[in-house]
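Below are the chains, spelled out letter by letter.
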Amino acid sequence: LSKLDKAVSSLDWLLGNWESVEPGKGSYPSLKDFRYTEDLHFAQMGQPIINFMFNASDAETKKILHRECGFIQMQTGTNRVAFIIAQNSGLVEVEEGELVGKKLSLHTQALARPSFAKEPHVKEVSRVFQLQPDGKLEQTLSMSTDKQPMTQHLHITYSRLA
Ligand code: HEM
C-alpha cells in the first residue's frame, strides 16, 4: 500500500461497488412507508481520501429519489472518520464518528442548506454502516428535523457487485 492509501486502509472493506439485495425500508412519522433500491460506490483516486457516490431510487417506479456524493477522510493515527457529503436535496453535511472493527457510526458535525431549501429542515443525521459476517453491508439512518425528534428514516442491506 502507498502512504496515501494507508491513511484510509482501515476502511478498505468499503471500497468497490454495492447494490441493495432487496429493497430498503424507508419510514418516518410524517411519511407513508416506502421501499427503495440503492447503489453505493467507494473508490480511491490517488489521495488519502475515499470518494463516494450513493444513488437511491423508488423500488417500484425506479425514479431516482435521493443522491449523495462526497469524500471520506480519517484523522491520522486514530479511528476517527469524517464524511463530507453533498445531497441532491441541497443538504450539505460533515458527519463524524468512529470506526470500531467493521462498524462505522457517524453523526452530524456540521450542516448547511440553500436559503430556499424546502421544509422540514434536517437538524441531525445519525447512521451506521456495518459489514455483516456474510459479507453484506448494512446501513441504518436516523434523522431529526425541526418537526420530529431523532427517528429512523432508512434501513437497507447491500451486496458487493462483482
Ligand atoms: C423524505 C431527509 C435519504 C427517500 C425526507 C424528508 C427529509 C429527508 C427531511 C422530509 C420528511 C418530512 O416531511 O417530515 C433525508 C436525509 C437523507 C435521506 C437527511 C440522507 C442523509 C433518503 C434516501 C431515500 C429517501 C436514501 C431513498 C429513496 C425519501 C422519501 C421521502 C423522504 C421517499 C418522502 C417524499 C419526499 O418528501 O420527497 N427525507 N432523506 N431519503 N425521503 Fe429522505
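These numbers were taken from a predicted model, which means no experiment stands behind them.

Colleague: I tried to follow the pairing of strand β6 (residues 80–87) on my own but got confused; where do I start?
Modeller: Side-chain positions along a regular strand alternate between the two faces of the sheet. The pairing of strand β5 (residues 64–74) with β6 spans 7 bridges and is classified as antiparallel. Looking across to β6, one finds that I72 is bridged to F83. Taken together, β5 and the strand that follows it, β6, pair antiparallel across an intervening segment of 5 residues, in which G77 is found at a positive phi of about 75 degrees. Examined bridge by bridge, β6 and strand β7 (residues 92–100) share 7 bridges and lie antiparallel to one another. Considered in β7, the bridge of A82 is made with E96.

Colleague: Explain the site of the ligand to me, please; I cannot follow it from the model alone.
Modeller: Around the ligand, the surrounding shell holds 21 residues, and the nearest of these are S30, F34, Q87, M143 and H153. At a separation of 2.5 Å, an oxygen atom of the ligand approaches a polar side-chain atom of S30. Elements with a minimum of two residues in the shell around the ligand: β3 (34–44), β5, β9 (122–131), β10 (137–145) and β11 (151–160). Its residues assigned to classes, the shell around the ligand comprises 13 nonpolar, 5 polar and 3 charged.

Colleague: How should the coordination of the iron atom of the ligand be read in this particular structure?
Modeller: Tetrahedral coordination by four donors sets the ideal angle at the metal to 109.5 degrees; octahedral coordination by six donors sets it to 90 or 180 degrees. In this structure the iron atom of the ligand is ligated by exactly one protein donor, H153 (NE2), at 2.2 Å. If you trace the backbone, H153 turns up in strand β11.

Rules and cut-offs
- Residues numbered from 1 in each chain as written.
- Predicted model: local features only at pLDDT ≥ 70, side-chain atom pairs only at ≥ 80, totals over all residues.
- Heavy atoms only, no water.
- Pairing = 2+ DSSP bridges.
- Helix = DSSP H or I, 4+ residues; strand = E, 2+ residues; numbered from the N terminus.
- Near = heavy atom within 4 Å.
- Polar contact = N/O pair within 3.5 Å; in protein donor to acceptor, adjacent residues only side chain to side chain.
- Nonpolar A, V, L, I, M, F, W, Y, C, P; charged D, E, K, R; others polar.
- Donors = N, O, S within 2.8 Å, 3.2 Å for Na, K, Ca; no water.

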